[in-house]
Amino acid sequence: MKEYSWNSFKNLIFRNPAVVNQDPHVDNGDENTERGNWASKREYMLSTIGYAVGLGNIWRFPYLAYKNGGGAFLIPYFVMLVVTGIPLFFLESAFGQFCSQGPINIWRSVPILQGVGVGMVMVTLIVSIYYNVIIAYSLYYMFASFQFPLPWSSCLSLPDSNCSTAPQVYCNVSGVLVTNWTQENTTCPSSDTITVPVQSPSEQYWDRVALQRSSGLDETGPVVWHLALCLLLSSLIVAAALIRGIKSSGKVVYFTATFPYVVILILLIRGVTLEGARDGIEFYIGSQSNLTKLTEAQVWKDAATQTFYSLSIGWGGVMTLASYNTFHNNMFKDAFVVTLTNAGTSVLAGFAIFSILGHMAHFQQVPIEKVVKAEFGLAFIAYPDALSKLPISPLWSILFFFMLLTVGLDSQFAGIEVMTTCLLDAFPQIFKSKRALLTVAISSVLYLLGLPCVTRAGIYWVTLIDGFVAGWVLLVLALLEIIGVCYIYGGNRFIKDIEMMIGKKSFLFWLWWRACWFFITPCLIVVILIWSLVSLESPSYSGVQFPEWGLAVGWCMTVFILLLVPIVAVYKLVKAEGSPWKRLKSLCSPTEEWHPYLDIHRGERYSEQRIRLRMSHKTKSEANVNIQPAEARGTQHEKKLQKQHMLS
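As a starting point, this report considers the structure included with it.

About the thresholds
- Residues numbered from 1 in each chain as written.
- Predicted model: local features only at pLDDT ≥ 70, side-chain atom pairs only at ≥ 80, totals over all residues.
- Heavy atoms only, no water.
- Phe/Tyr/Trp six-rings, centres within 6.5 Å; stacked < 30°, edge-to-face > 60°.
- Helix = DSSP H or I, 4+ residues; strand = E, 2+ residues; numbered from the N terminus.
- Buried < 20%, exposed > 50% of the residue type's maximum accessible area, 1.4 Å probe, protein only.
- Axes fitted to C-alpha atoms, helices over the stretch in contact; angles between N-to-C directions.
- Parallel < 35°, antiparallel > 145°, perpendicular 65-115°, else oblique.
- Contact = heavy atoms within 4.5 Å.
- Nonpolar A, V, L, I, M, F, W, Y, C, P; charged D, E, K, R; others polar.
- Expected span 1.5 Å × (residues − 1).
- Polar contact = N/O pair within 3.5 Å; in protein donor to acceptor, adjacent residues only side chain to side chain.

Turning our attention to the packing of aromatic side chains. Overall, the coordinates contain 50 aromatic pairs when judged by the stated rule. Consider the rings of F90 and W517, whose centres lie 5.5 Å apart with planes at 40°: the pair is tilted. Note that F90 is positioned in helix 5 (residues 74-99) and W517 in helix 21 (residues 507-534), a separation of 427 residues in sequence. Pair check on accessibility: F90 and W517 agree, each one buried. Between Y141 and Y205, the ring centres sit 5.8 Å apart and the planes meet at 80°, which makes this aromatic pair edge-to-face. With Y141 in helix 6 (residues 114-144) and Y205 in helix 7 (residues 201-210), this pair connects stretches of sequence that are 64 residues apart.

In this section: the packing of helix 2 (residues 41-52) against helix 9 (residues 246-256). Helix 9 packs onto helix 2 with a crossing angle of 75° between their chain directions and a minimal axis gap of 9 Å. The angle between helix 2 and helix 9 falls in the class roughly perpendicular. Touching R42, E43, L46 and S47 of helix 2 are I246, G250, K251, V253 and Y254, all from helix 9. Split by residue class, the contact of helix 2 with helix 9 holds 4 nonpolar, 2 polar and 3 charged.

Turning our attention to helix 14 (residues 331-364). Between its terminal C-alpha atoms helix 14 stretches 49 Å, which fits the 50 Å expected from 34 residues at 1.5 Å a residue. Two to three positions downstream of the cap, the backbone nitrogen of F332 sits 3.2 Å from a side-chain oxygen, assigning the N-cap of helix 14 to N330. Just downstream of helix 14 lies Q365, where phi reads positive at about 55°.

A word on unusual backbone geometry. P149 follows F148 through a cis peptide bond whose omega is -5°. Among the secondary structure elements, P149 is positioned in the loop between helix 6 and strand 1 (168-173). Phi is positive for S100, close to 55°, though the residue is something other than glycine. Relative to the elements of secondary structure, S100 occurs in the loop between helix 5 and helix 6. By relative accessible area, S100 is classed as buried at 8%. The backbone of Q212 shows a phi angle near 50°, a positive value even though the residue is not glycine. Mapped onto the fold, Q212 is located in the loop between helix 7 and helix 8 (225-241).

Dropping the structure here:
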């Protein structure tokens, strides 16, 4: 009898479903026995850090710092981190943790903006396609590194190849190019030399062997089989790691989230011991730093966009990972730990990258700006080229590409978890007991959708998707998110929700966050968004411009994502009842389902009685609005009859 009573009490408080409906991937010790929680705080922190620390920290931040004044770039970068990065990360973490739902159901707080959540999931879906391909690139290069010498250490004998280990210089004698010179030959006057651009061995390997790159997007060509196999392996690794959702991925991140730091430290220690490393670090953030760059608006814009994108804000992943926290987890401290770790990783990776690039420049006797490249060029051309010049080069190359693999996998884990969580939240009766099958299905779909990206025109598709989907679209979604939370749902109400989780805080504590959420952060997002649109350029790769139909496909992806917001809003307005004003008002108010997931955490503010009372008051007030004109007409009619009677 006592056992039965205790079970009844647990079912009442935690609303446990029947055993047959319970998610087999939920542990008995979880606070939320329907949805599950992280096995420990460490697993959540490692997963979130792994999600935030992506490939952009390795190949984008060092290049931006070098381009925008070196060490001077750290000033606007950390300023933007404080006024945009941390406030938005804190907001998304608290939003997801409060209701324990994914980025779609979370908009029960403001139903008219549920399309924002759908848009976030679509962005994550499309970006996950090409992110999986980048992981495949890393896998291929890692496997190719098990050779000595490295296959990109010297030129390959390929037809129509213009590969050379040094730029070719022709001497102009009496207007005729009579001989071929190299950099070592200095007998020709510098005014009479003409440098002919050639491919380095690493460029040749990337274009002709790894990618087998075609001339443009029009020339698709066949699937590159070795990349397709690596893509399949990448999909299998992701599916295996997520087979039990956060319960299995939480164990994997103990390795994938920490191993990159081990490699970065190893490469940094090796790099600073090389000749010429000092020159590379000086160009990165040393004495070559240019403080006058701080007067250029472009530097501040680059700092803001790097802060925004490196923290993965607006993708839905931060909310999803936070939704599996226990209700009273202190997400405020977590936001600081994750964002500062992310920033520190970017700076540390820059030292490891530029110390070895400095050695490469010294080895080739060229200025360091000649060896620095951006993004794909830095990760798959410049850095592999530098590593091939080191003793025991295969070891350093294997470590580097294994690091890229683990960094990419962590971000991919969160991307797939966003999609899985949204489907589980939307259709719990269908998918709750089929999480493993759902994960495998999503990974399979991403693999099939990724096959066009491993054709000979694949790199163009990757660049196209990255340019149109992972750019200013996220700024629009983040702006709508902060407007919805702070101005429609109510910033003060949201603060009370946070205090239910982390306890009461003083007015001064919230003063800074109110200033950021209500004014500073949205204003900065608007400025960056306008600037991004004004300075928008059509994406290209390695000087190859995309055809008009390709750009049209890119714009279609962008418009499709953004149109989801008004389409969902119109659909909900049509489905709602009452007058247009009544429908709009009801869709700008939280639904009955908006509350902490478990009864025990709802307290007085979200008790069932209070919710019913609030909804009934709203219904009555809306009914009174409709009834009032009829009553007023009746009163006016009676007064008119009285007046006629008195006159008669």
